[in-house]
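# Working through the structure, step by step
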Amino acid sequence: MSVRGAQVAIFGGGAKGRGIAVLALRAGYATAIIDPDPSQVVEVTARIRLALDERVSSGALAASEADAALARLRVTSDPAECREAEFVIEAIGEELEAKRALLARLAGTCRPDAVFVSSTSCLSITAIAAGTGRPERTVGMHFCDPAPLTRLVEVTRGLQASEDAFLLARALAEKLGCVTVVTQDTPGLIRDFLLVALANDSIRAYEAGRASLEDIDAAVKLGLGHAMGPFELVDAIGLDTHLAVSTALYEELKDARFSSPPLVRRLVAAGRLGRSSGRGFYTYDADGKIRRG
Amino acid sequence: MGEIRRVAVLGCGVMGAGIAQVAAQAGFQVDAWDITQQALDRGRGEIGAFLEKAIAKGKLTAGRRDAILEAITWSTALDCVARADLVIEVVVENLQVKKDLFSRLDGLAPGHAILASNTSVLPITELAAVTKRPDRVLGMHFFNPPPLMKLLEIVVGQLTSAATLAAVKGFGQAIGKTTVTAKDAPGFIVNYLFIPYLNAALDLYDRGLTSREDLDRAVEAGLGHPMGPLRLADLVGLDTHLFASEAIHRELGDARFVPPTILRRMVRAGLLGRKTGRGFYEYEATGGAGP
């Protein structure tokens with residue numbers, strides 16, 4: 001295989017796109033991040049470098065490997081960069097029409113055998129694929145966040161994807177060092193369906209005065225062995241993200257468990273978005289630790 | 001409220017024996033009660049086996065084991081509660097059985113004694129109501145196995161006093177537990193969150209969304225749970241989960257607690273999980289699974 005351009009082309013230089021890029025770079029893929037905003041090129045490159053440097057300082061990566069990984073990276077605003085890619089991964093905002101339009105536009109540029117990947121967490125992969133002009137080559141790969149050690153990827157083929165495209169996507173996830181599971185195209189797939197409902201149940205239990213935030217988190221960690229309590233987890237994911245995913249699931253399923261508890265809407269309206277904003281259910285110190293007492 | 005020095009544990013199954021052991025290990029004098037001598041012997045056997053393993057691992061001396069075992073007095077006479085400062089009831093999850101026992105206890109235990117139930121699904125306030133000391137009744141929900149699980153859910157009934165809660169929190173700390181406090185609402189904290197979660201996961205599986213292995217792996221890798229839902233259901237026991245789910249549904253009428261149809265089908269088929277060798281997964285007979 002002669003490789004001149006990127007093997008993996010990722011559209012969107014946000015946290016999700018960069019996270020996937022770091023995995024691809026480390027796995028040895030020539031990787032392009034394509035962001036329509038040219039002013040983002042420097043910023044995105046710097047953030048990827050930072051992410052790799054963090055792994056070097058934690059001892060997970062040798063400095064020479066980080067350098068080699070960076071050498072495989074192209075950050076650009078030119079969509080033509082994807083022309084030789086085996087995998088074209090969209091990691092843009094969660095809007096169905098935008099995702100469809102992007103992939104449909106690329107259909108004229110990309111290799112005919114390229115696999116189109118949507119990283120959507122809450123939209124139907126079948127619906128996205130239907131608007132791309134290449135539904136048989138379009139597969140869902142949900143890279144689950146937050147990813148502590150090993151990242152989970154939920155691979156979804158939708159109703160139209162070919163076996164070949166699906167197998168290639170799953171193999172990619174495995175080469176990226178991820179744990180993969182295969183799931184049908186249903187709202188929330190596996191992870192978010194269970195996570196969002198559990199988080200909303202926890203929030204409602206707190207709203208109803210069943211117990212305190214701290215006690216609910218402690219009970220879930222010590223009684224069920226979960227790595228994080230539900231409030232710590234939603235603060236880490238971001239209340240705005242949780243609200244968006246929950247609302248999307250409710251729209252699809254009309255199941256009351258996914259209707260967002262009023263408290264979440266209040267907190268989001270007040271700008272208390274979680275750990276990233278310094279305050280969500282808990283208040284955080286500058287170093288990201290929960291302030292107690 | 002006086003200091004807690006002596007504890008009575010009523011019921012010597014795995015949970016009761018574990019609670020008696022935890023209290024004895026922390027230096028409390030313990031009266032362990034059950035209806036039959038056979039049940040007491042089984043409870044003593046459970047504790048002995050646990051401590052033996054700790055000795056084999058070098059975590060406990062034989063002298064310490066003897067001291068722990070000597071701190072427990074075994075009895076089939078309920079009047080052993082007459083010297084208790086705290087009584088922890090760990091009998092079968094049947095409201096009438098528990099109410100009858102609380103009513104008898106109320107007459108036998110000293111006036112200052114706190115009466116606690118280890119129930120995971122029944123209403124504490126209803127148990128308190130059969131006594132003349134509802135201010136000194138609350139829930140102490142331990143997790144299985146009590147010597148290893150750090151959590152103690154303290155359940156505050158409608159009439160439980162602040163002094164009773166404080167005394168039991170202090171006791172919880174003294175036996176090395178992290179205590180959380182919950183209202184007397186069905187499922188308290190852990191089961192209120194766990195049961196709908198498990199029901200939803202079983203329903204997902206029943207709909208053929210994914211394989212049993214992928215479902216478990218998604219939860220383990222994607223949510224950081226120690227065990228996926230199907231493996232966990234097999235460990236808990238499908239009949240046990242069905243019982244708890246139905247009990248809470250009766251109280252709340254909340255659809256999240258309606259047992260999924262796959263759960264009923266599997267229980268009807270006798271596929272109860274590890275204890276029957278087959279649930280969502282198949283298990284080899286270990287031979288050493290105990291009585």
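Quick note: structure is the one above.
What comes next concerns the included structure. Remember, it's a predicted structure, so these values are computed and weren't measured experimentally. (Residues numbered from 1 in each chain as written. Chains lettered and ligands numbered in written order. Predicted model: local features only at pLDDT ≥ 70, side-chain atom pairs only at ≥ 80, totals over all residues. Heavy atoms only, no water.)

### A word on the environment of Asp192 of chain A
All names here are of chain A. Quick note on the threshold: Counting from the N terminus, the helices are DSSP H or I runs at least four residues long and the strands are E runs at least two residues long. Here a residue-residue contact requires only that any non-hydrogen atoms of the pair lie within 4.5 Å.
Looking at the element boundaries, Asp192 is found in helix H7 (residues 191-207). As a C-alpha pair, Asp192 and Cys122 span 70 residues in sequence and 8.2 Å in three-dimensional space. Apart from the residues lying within four places of it in its own chain, the contact partners of Asp192 are Ser121, His142, Ala197, Val245 and Leu249.

### As for the nonpolar core
How we decide: We define a nonpolar core as any set of buried Ala, Val, Leu, Ile, Met, Phe, Trp, Tyr and Cys residues linked to one another through side-chain atoms lying within 4.5 Å. Between buried and exposed lies partly exposed: a residue is buried under 20% and exposed over 50% of the maximum accessible area for its type, with that area taken using a 1.4 Å probe on protein chains only.
Counting residues in hydrophobic clusters, the biggest one holds 94 residues, and the most contacted among them are Leu194 and Phe281 of chain A together with Leu10, Val81, Val87 and Phe280 of chain B. Non-local contacts of Phe281 of chain A, meaning those with residues more than four positions away in its chain, are made with Ile203, Leu213, Phe231, Val234, Asp235, Leu239, Leu263, Leu267 and Arg272 of chain A.

### Details of the packing of aromatic side chains
To describe a pair of aromatic rings, one takes the distance between the centres and the angle between the planes. Residues and elements named next belong to chain B. The criterion, for reference: Centres within 6.5 Å are what make two rings of Phe, Tyr or Trp a pair, Trp counting through its six-membered ring; a difference in plane orientation under 30 degrees is then read as stacked, over 60 as edge-to-face, and the rest as tilted.
The tally for this structure, following the rule as stated, stands at seven aromatic pairs over all chains. Summarising the aromatic geometry, the rings of Tyr192 and Phe257 are spaced 5.9 Å apart at their centres and angled 40° between planes, so their arrangement reads as tilted. Residue Tyr192 is found in helix H7 (residues 190-206), and its partner Phe257 is found in the loop between helix H10 (238-252) and helix H11 (261-268); the two are separated by 65 residues along the sequence. For the pair formed by Tyr192 and Phe257, the shared burial category is buried. Between the aromatic rings of Tyr205 and Phe280, the centroid separation amounts to 5.8 Å while the plane-to-plane angle is 85°, which identifies the pairing as edge-to-face.

### With respect to the side chain of Asp31 of chain B
Residue and element names in this part refer to chain B. If you trace the backbone, Asp31 turns up in strand S2 (residues 29-33). For Asp31, a relative accessible area of 0% gives the class buried. Not counting chain neighbours up to four residues away, the residues in contact with Asp31 comprise Arg6, Val7, Ala8, Val9, Thr73, Cys80 and Arg83.

### A word on the interface of chain B and chain A
Rule in force here: A simple way to read buried area is as the amount of 1.4 Å-probe accessible surface that goes missing from two parts once joined, with both sides added. Salt bridges are identified by distance alone: a Lys or Arg side-chain nitrogen within 4 Å of an Asp or Glu carboxyl oxygen.
Taken together, the contact pairs 40 residues of chain B with 36 residues of chain A. Summing both partners gives a buried area of about 3,200 Å² for chain B against chain A, and 68% of it is carried by carbon and sulfur. Contact with chain A buries area across many residues of chain B, yet Leu193, Leu209 and Leu223 of chain B alone supply 19% of it, more than any other trio. Here Arg256 of chain B ties to Asp201 of chain A by a salt bridge, and the two come within 2.6 Å at their closest N and O atoms.

### Side note on the sheet that holds strand S6 (residues 137-142) of chain B
Residues and elements named next belong to chain B. Worth spelling out the cut-off: When DSSP finds two or more bridges between a pair of strands, those strands are recorded as paired. Between the N-to-C directions of two axes lies an angle of 0 to 180 degrees, each axis being a line fitted to C-alpha atoms and, for a helix, fitted only over the stretch in contact.
If you trace the eight strands from one edge of the open sheet to the other, you get S3-S2-S1-S4-S5-S6-S7-S8, paired in mixed fashion. Of all strands in the sheet, those with a lone pairing partner are strand S3 (72-75) and strand S8 (178-183), marking the two edges. Each adjacent strand pair in this sheet contributes to an overall mean axis angle of 25°, direction not counted. In this structure, strand S1 (residues 6-10) lies alongside S2, joined through five bridges in parallel fashion. When the sheet's bridge partners are listed, Leu10 is paired in S2 with Trp33. Lying over the sheet, helix H2 (residues 37-56) contacts S2 and S3, oriented at roughly 155° with respect to S3.

### As for unusual backbone geometry
Following Asn144 of chain B, the chain continues into Pro145 of chain B via a peptide bond in cis, with omega recorded as -5°. Position of Pro145 of chain B among the secondary structure elements: in the loop between S6 and strand S7 (151-156). One non-glycine residue, Lys254 of chain A, lies in positive phi territory at about 50°. Position of Lys254 of chain A relative to the elements: it lies in the loop between helix H10 (239-253) and helix H11 (262-269). Even without glycine at this site, Phe188 of chain B takes up a positive phi of about 50°.

### So, the environment of Val30 of chain B
All names here are of chain B. Structurally, Val30 is set in strand S2. For Val30, a relative accessible area of 0% translates into the label buried. A C-alpha to C-alpha distance of 17 Å links Val30 and Phe50, two positions 20 residues apart in sequence. Beyond its immediate stretch of four places on either side in the chain, Val30 contacts Arg6, Val7, Val9, Ala20, Ala23, Ala24, Ala71, Ile72 and Thr73.

### Observations concerning the sheet that holds strand S3 (residues 73-76) of chain A
All names here are of chain A. Overall, mixed pairing links the eight strands, which are arranged S3-S2-S1-S4-S5-S6-S7-S8 in an open sheet. The outermost strands of the open sheet, each flanked by one partner alone, are S3 and strand S8 (179-183). Taken over all neighbouring pairs, the strand axes of this sheet differ in orientation by 25° on average, direction set aside. Lying over the sheet, helix H1 (residues 15-26) contacts strand S1 (8-11), strand S2 (31-34), S3, strand S4 (87-90) and strand S6 (138-143), oriented at roughly 170° with respect to S2. Sitting on the sheet, helix H2 (residues 40-57) is in contact with S2 and S3, with an inclination near 150° to S3.

### Some thoughts on the pattern of salt bridges
Residues and elements named next belong to chain B. One pass over the full model with this rule turns up 36 salt bridges over all chains. Note that Arg83 and Asp31 form a salt bridge whose closest N and O atoms lie 2.6 Å from each other. Separated by 52 residues along the polypeptide, Arg83 in the loop between S3 and strand S4 (86-89) and Asp31 in strand S2 bring together distant segments of the chain. Classification of Arg83 as partly exposed rests on a relative accessible area of 45%. Taking the shortest distance from any N to any O, the salt bridge between Arg264 and Glu246 comes out at 2.8 Å. Taken together, the residues span a long stretch of sequence, with Arg264 in helix H11 and Glu246 in helix H10 at a distance of 18 residues. On the accessibility criterion, Arg264 (28% relative accessible area) is partly exposed.

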